[in-house]
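# Architecture at a glance
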Number of protein chains: 4
Amino acid sequence: MPISGPPSAAPSSSTPLGVAVLGAGTMGADHVRRVDQLVSGARVVAVADPDEARAAALAAGIDGCRAFPEPLAALDAAGVDAVLIASPGPAHEEALLAALDRGLAVLCEKPMVPDPEAALRVVEAEAKGGRPLVSVGFMRRFDAEHQRLKALLDARELGAPRLLHCRHRNLAVHPYFTEEMLITDSVAHEFDAARWLLDQEITAVQVFRPTAALPEHTGVNDPQLVVFETDGGVVVDVEILANGGFGYQVQTEAVCERGTARIGEAHGLMTNTAGRWGGEIAQDYLTRFADAYDREVRAWVAAVRRGTTVGATAWDGYAVAAVAAAGVEAQRTGRRVPVELAPRPAPFMNAV
Amino acid sequence: MPISGPPSAAPSSSTPLGVAVLGAGTMGADHVRRVDQLVSGARVVAVADPDEARAAALAAGIDGCRAFPEPLAALDAAGVDAVLIASPGPAHEEALLAALDRGLAVLCEKPMVPDPEAALRVVEAEAKGGRPLVSVGFMRRFDAEHQRLKALLDARELGAPRLLHCRHRNLAVHPYFTEEMLITDSVAHEFDAARWLLDQEITAVQVFRPTAALPEHTGVNDPQLVVFETDGGVVVDVEILANGGFGYQVQTEAVCERGTARIGEAHGLMTNTAGRWGGEIAQDYLTRFADAYDREVRAWVAAVRRGTTVGATAWDGYAVAAVAAAGVEAQRTGRRVPVELAPRPAPFMNAV
Amino acid sequence: MPISGPPSAAPSSSTPLGVAVLGAGTMGADHVRRVDQLVSGARVVAVADPDEARAAALAAGIDGCRAFPEPLAALDAAGVDAVLIASPGPAHEEALLAALDRGLAVLCEKPMVPDPEAALRVVEAEAKGGRPLVSVGFMRRFDAEHQRLKALLDARELGAPRLLHCRHRNLAVHPYFTEEMLITDSVAHEFDAARWLLDQEITAVQVFRPTAALPEHTGVNDPQLVVFETDGGVVVDVEILANGGFGYQVQTEAVCERGTARIGEAHGLMTNTAGRWGGEIAQDYLTRFADAYDREVRAWVAAVRRGTTVGATAWDGYAVAAVAAAGVEAQRTGRRVPVELAPRPAPFMNAV
Amino acid sequence: MPISGPPSAAPSSSTPLGVAVLGAGTMGADHVRRVDQLVSGARVVAVADPDEARAAALAAGIDGCRAFPEPLAALDAAGVDAVLIASPGPAHEEALLAALDRGLAVLCEKPMVPDPEAALRVVEAEAKGGRPLVSVGFMRRFDAEHQRLKALLDARELGAPRLLHCRHRNLAVHPYFTEEMLITDSVAHEFDAARWLLDQEITAVQVFRPTAALPEHTGVNDPQLVVFETDGGVVVDVEILANGGFGYQVQTEAVCERGTARIGEAHGLMTNTAGRWGGEIAQDYLTRFADAYDREVRAWVAAVRRGTTVGATAWDGYAVAAVAAAGVEAQRTGRRVPVELAPRPAPFMNAV
């Protein structure tokens, strides 16, 4: 739920929303293509990346789009109505604060700001501005199956939930991926998704790490089992697997009073061949969540044109950062670590 | 594959394609919403429907869009670059010929033209014009699962196909739905899909009708089993069920030399509850094929802007009409009825 | 349903039933092992096979069991109360008539007697004897999933059935397997199963044969599509695949007035690995139907001890032979061939 | 793996094994029926139950079987070669020690002996006797899917396992069922199954209890999440659900180095009806594990006749009791509780 306040001055319905995209890596390039080709009512007018050639290559394909090496220059470019931040995490805080300072709506890729204290500064800056401007790109909130599960839980179709089981499995991670990033980068999605699905905050985290000898092909100790508790008394377990080797798989099962509900079973084309039946597993998140990303950016453009936000708010971004920090400590110590959140500023009072 | 020829004069990339939508019923309204909200590079500039109020209601929500009672007036409206025909089948021929006469690209809902001879006139009119202009809206060609099956068959991943099994199940049909329409309206999709998946023409059709007493709730004798053969020696069976009562389900299984491949298994959120496990079945084709329709119209807009067509051609529309006519005779007589196609005009030589 | 009549003189409950097994091939050996190790209340007392060494090897492992080269000698051996015929089809008629002549209960592997006229002689011989003695080994009637489907159909849980879709897929067949045997050996199972599931007789058969070039690895033109109709107005289609190359798979889907029901989906252990999810397919019928064979022979032993029969009767064996003969003609001619059954003898009046 | 030692004096192959069944409740009655009707080479010669009428009713249907109110009297009855203990847990210790004292082979239902110290006395008594006599009825070891998973793990088909996820869901429990019994009665199965699947001992247990308000229909706080660790460095989580309300469901997924493997998906007859696809869930363990119980008792009879044991040993029974005691403390305190096992007596040195 967006924070309340007077709507921003959105462009009229006949003029497309001018979007600056910060970051021209995989995610940024994907968003540029999406806004350009798949989203009505918006166009990319600026692309920024320290690697100027990369930015220029993206901009070249789009009428009236300019490339910049500096993110702030892109924000100040002509025709920019809103910002899509897809740069690396450490660059998010400055970009967010600059956008807020300019009164620009932002869609910021997750994690919003990795450090909880810095994340809180973004929350406070937005609250002070009095207008809802920040959306955080937890795309699962726009995935059709996640939305169906959320609806089932909200309507108490099977009664109240008491347990969630989550699986988050990657094909392989880059060599620079660390064990901490299992929590801050990967389980961050489950922290947000569980908060959203349950409409509850997380109160404590514990991490179980197998100690069996690691296979040679992996640099991180995975899988791990992350167990957390909520202020509504629900227990959530998450298997996080970085180098699963077989594909990208995200599954959630809710155990409720009168039954269970689960999403994320692979499907699509199925074969019988050579003694086996079955189907294909998506190999990466851009494929698995392609529809969710499309719907997210479309919903964001529509919301910004109405002067509001969609999906996860800055508060959600902060809460996930705080839980992740507790999770990293839990991972290091093996202990159950409580989560302490700052008081929630008034504009975020009713939001999860 | 589109017919070849010099590209039509497409609008420049910075101007959206102006689309006239003929028909403001369920399908037409859905396409108006789609072009307006989900498709980049196009806008609805005219809507036509004999029920002028219905047309006006649709047009009212869109900047610069006008309503017309007459389809031909809509074609001649300012800013019309292309036509989307979603009016009832009997109105298609006149609209298609008028569009061809004006050199306008057309996306025509299926069935293109029900009568084979009339369909052939459309084929000939387009061929005479020398430019590819007609796309027929067999949306399955844009469904992700159908495309994956087509790719598997084209690549001979499991060897050559020898049998196809198809299921086409509707929740319920309107009281005016006739037994003939099982063939002309419903199995028409399988006629096209099989031709496209196999890259083969259909040579004969036979229909098996159960004679068990009909349940009271249905006005048509369903299900029926339609069996047809192709010029590549493949046998295809189709279960067509009009009043299944449980949902909308479209499934295809290809039996190939080294295995089988199937699509259309229901999936999504699954529950355990009250002694049963399982999931939901889509209730209608607009839900089941929502993504396919979106991709179809996006691909069509992009193709028209490049001066070409996508998906099924006028030839495909004619061939399906000819097969359906044989199917109706087969249904009436219980006999195997051969299909005779007209010679294929040069521009359609390589197309299925 | 067994034919009625006075019960045969069954052994007392404290003495095991003495069984003679005719045929020491794969099926016979499997039955010998089954009766010896898995069935209470019965023991193998005689094994007959023209290959005397093979018979002797089987008999050697069992206390008090003797080997014979001649089936009739085995029937006359001391302690024989009942006969299990697992010899090749051409030997069945003589063995059945000899057993009936001696008043011995028989479980005869399918096909009972391939020639319809000869099969009718067995029916008449049993009817004349006045006691129910013949059970035919259509083991699907004892498969848990088939029994659940039969119960659903009998109870009209989804209303009356109107269509059945069947799949019958083998891994590979021996070089001596002929195209005719697709009908007489393989689809024979579906002829019986459909009659039993529906409680209806088959009235006509038609066979569709793909004419696409055959893959090199196969000597029979497969798959084929066999379509038949029943006296209850139901249409049944069967895909028969002899050299599928991927496993053994038997599936049935019934399309009823208010929904569909299907059995035979593969299951068991499922994996995610190397980009694929799925499970294993059974490789042969002895594995797939192991439980059904066990339950069949147990039920038969219990029935014989009560003086009656179970499962398919001699009439069922005859009806399947008659339908198969029509099916072979249909396969040869491509035409729809009607099935003419002899009048049903009184003892079989209520049976399917 | 059974303990080693000289074989017991098994009956000759022509005489059935005489079995005394202690306990004539649901489980005992089921075993009496099983031995009598489904198991070759054994017969029930004595049934004992404090409710003598119940014992007599069971014995009445079986030739030569006698009923006793006292278990020890049944052990001393004529013709008793082996004992099947299906009486309530508190009666197990006395019965086991009496059987060991008489040199009788025993199949004891789980939990073998709930108190770890008492369980250890049984282990020691058997070890002292020098002959393998005790089998514990953890029937999952005889379930086909569990055996397939065990084979996959043993062969390292997907590499070494690092995590196990288990689900154990009951339809409903009796009013006398306590929260402790979630651990001692229900998760006891997972304690044994995980030890057996992994060939590892459990070293610590922790229990997570949702604190959301309990639904009215249940007297125990369920589901709970039990997490335990093994001496091989594997982490196992178990969802235990006593009053799930939808059926009986047991699932395990192993996460290994190169993929995952899971068992326990419901299957069988599937329907499409009223907007839903899916199938039935077994309602109780006697249905779900019917085949496993049959195979267990058959394997036990065959083993006893060879002078050995099968399945879980007395050591396994003790280890599970010790882990369960730690689990109960973990449940009460919310803390991670280490498991301390006694030294393993020599005969059990190689066994898990």
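Residues numbered from 1 in each chain as written. Chains lettered and ligands numbered in written order. Predicted model: local features only at pLDDT ≥ 70, side-chain atom pairs only at ≥ 80, totals over all residues. Heavy atoms only, no water.

Here we come to the overall build of chain A. Within chain A, the secondary structure is distributed over 10 helices and 15 strands. For chain A, the C-alpha radius of gyration of 20 Å lies close to 20 Å, the compact-globule estimate for 352 residues. When the backbone C-alpha atoms are referred to their principal axes, chain A occupies close to 55 × 50 × 40 Å. Looking at chain A alone, contacts between residues at least 24 apart form 73% of all its contacts between residues at least 6 apart. (Helix = DSSP H or I, 4+ residues; strand = E, 2+ residues; numbered from the N terminus. Rg over C-alpha atoms; globule rule 2.2 N^0.38 Å. Contact = heavy atoms within 4.5 Å.)

Once that is clear, we can look at the domain arrangement of chain A. Residues and elements named next belong to chain A. Looking at the assigned domains, one finds that chain A contains domain 1 (17-140 + 292-312) and domain 2 (144-288 + 333-338). Here domain 1 and domain 2 have C-alpha centroids that lie 27 Å from each other. Taken together, the contact between domain 1 and domain 2 spans 11 residues of the former and 16 residues of the latter. Carbon and sulfur atoms make up 55% of the surface buried where domain 1 meets domain 2, a total of about 1,200 Å² over both sides. Arginine 140 is paired through a salt bridge with glutamate 190; the nearest N and O atoms lie 2.8 Å apart. Looking at the side of domain 1 that touches domain 2, the elements that each hand over two or more residues are helix H1 (26-37) and helix H9 (290-305). With three residues, H1 is the largest single contributor of residues to the side of domain 1 that touches domain 2. Its residues placed into classes, the side of domain 1 that touches domain 2 shows six nonpolar, one polar and four charged. (Domains from an automatic or database assignment. Buried area = accessible area lost by both parts, 1.4 Å probe. Salt bridge = Lys/Arg side-chain N within 4 Å of Asp/Glu carboxyl O. Nonpolar A, V, L, I, M, F, W, Y, C, P; charged D, E, K, R; others polar.)

Take the side chain of Glu253(B) next. With respect to the helices and strands, Glu253(B) occurs in strand S11 (residues 249-256). Within the structure, the side chain of Glu253(B) is placed 3.2 Å from the side chain of Arg169(C), a separation counted as a polar contact. Those residues in contact with Glu253(B) that lie beyond four places of it in its chain are Asn272(A), Leu163(B), Leu164(B), His165(B), Thr260(B), Ala261(B), Arg262(B), Arg167(C) and Arg169(C). (Polar contact = N/O pair within 3.5 Å; in protein donor to acceptor, adjacent residues only side chain to side chain.)

Attention now goes to the interface of chain D and chain A. Between chain D and chain A, the contact holds 38 residues from the first and 38 residues from the second. Contact with chain A buries surface across chain D, with Arg162(D), Phe208(D) and Glu257(D) losing the most and accounting together for 22% of the total. The interface formed by chain D and chain A holds four salt bridges in total. Residue Arg169(A) is joined to Glu253(D) by a salt bridge in which the shortest nitrogen-to-oxygen separation is 3.3 Å.

With that out of the way, let us pick up the relation of the copies chain D and chain A. Between chain D and chain A, the superposition needs a rotation of 180° and an axial shift of 0.0 Å, giving an RMSD of 0.0 Å. Expressed as an axis order, the relation between the two copies is that of a two-fold axis. Identified as the residue of chain D closest to the rotation axis by C-alpha distance is Asp237(D), at 4.4 Å. Here 100% of the contact residues of chain D are again contact residues in chain A; the copies associate through an equivalent surface. (Least-squares fit on C-alpha atoms with pLDDT ≥ 70 in both.)

Residue and element names in this part refer to chain D. Most of strand S11 (residues 249-256) is tucked away, with eight of its eight residues classed as buried. Burial along S11 is two-sided: Gln249, Gln251, Glu253 and Val255 facing one way and Val250, Thr252, Ala254 and Cys256 facing the other are all buried. Where S11 meets strand S12 (residues 259-263), five bridges bridge the pair, whose relative direction is antiparallel. Each bridged residue has a counterpart across the sheet, and for alanine 254 the counterpart in S12 is alanine 261. (Buried < 20%, exposed > 50% of the residue type's maximum accessible area, 1.4 Å probe, protein only. Pairing = 2+ DSSP bridges.)

What follows is about the UniProt feature "domain: Gfo/Idh/MocA-like oxidoreductase N-terminal" (unreviewed entry) in chain A. The feature "domain: Gfo/Idh/MocA-like oxidoreductase N-terminal" (unreviewed entry), as annotated in UniProt, sits at residues 18-137 of chain A in this numbering. Spanning residues 18-137 of chain A, this segment combines 42% helix with 23% strand, and its end C-alpha atoms are found 19 Å apart. (UniProt positions renumbered as here; feature names shortened; annotations may be inferred.)

Residues and elements named next belong to chain B. Overall, parallel pairing links the six strands, which are arranged S3-S2-S1-S4-S5-S6 in an open sheet. On the outer flanks of this sheet lie strand S3 (66-68) and strand S6 (134-137), each paired with one strand and no other. For this sheet, the mean angle separating the axes of adjacent strands, direction not counted, is 25°. Pairing analysis gives four bridges linking strand S1 (residues 17-22) to strand S4 (residues 82-85), with the strands arranged parallel. Following the sheet pairing, valine 21 is matched in S4 by leucine 84. In this fold helix H1 (residues 26-37) packs onto S1, strand S2 (42-48), S4 and strand S5 (105-109), with an angle of close to 155° to the strand it touches most, S2. (Axes fitted to C-alpha atoms, helices over the stretch in contact; angles between N-to-C directions.)

With 31 residues of chain B at the contact, the number on the chain A side is 31 residues. With both chains or domains summed, chain B and chain A bury close to 2,300 Å², and 47% of this area falls on carbon and sulfur atoms. The tally of links from chain B across to chain A stands at two salt bridges. Residues Arg148(B) and Glu280(A) are paired through a salt bridge, measuring 2.7 Å at the closest nitrogen-oxygen approach.

Residues and elements named next belong to chain A. The six strands are arranged S3-S2-S1-S4-S5-S6 in an open sheet whose pairing can be described as parallel. Each having just a single partner strand, strand S3 (66-68) and strand S6 (134-137) make up the two edges of the open sheet. In this sheet, neighbouring strand axes are inclined to one another by 25° on average, regardless of whether the strands run parallel or antiparallel. Sheet topology places strand S5 (residues 105-109) next to S6; four bridges connect them, and they run parallel. Pairing of valine 106 across the sheet is with valine 134, part of S6. Where H1 meets the sheet, it contacts strand S1 (17-22), strand S2 (42-48), strand S4 (82-85) and S5, and its direction lies at approximately 155° from that of S2.

The next subject is the nonpolar core. Core analysis: the largest hydrophobic core is formed by 113 residues, its most contacted members being Met112(A), Phe191(A) and Val226(A). Here the element with the most residues in this core is helix H10 (residues 314-333) of chain A; it accounts for 12 residues. Residue-level mapping places this core at the junction of two domains, with at least three residues from each of domain 1 (17-140 + 292-312) and domain 2 (144-288 + 333-338) of chain A. Excluding residues within four positions of it along the chain, Met112(A) makes contact with His92(A), Leu96(A), Ala119(A), Val122(A), Val134(A), Val136(A), Ala314(A), Gly317(A) and Tyr318(A). The next biggest cluster of nonpolar side chains, apart from the first, holds 106 residues, and it includes Ala77(B), Leu107(B), Val123(B) and Val205(B). (Core = buried A, V, L, I, M, F, W, Y, C linked by side-chain atoms within 4.5 Å.)

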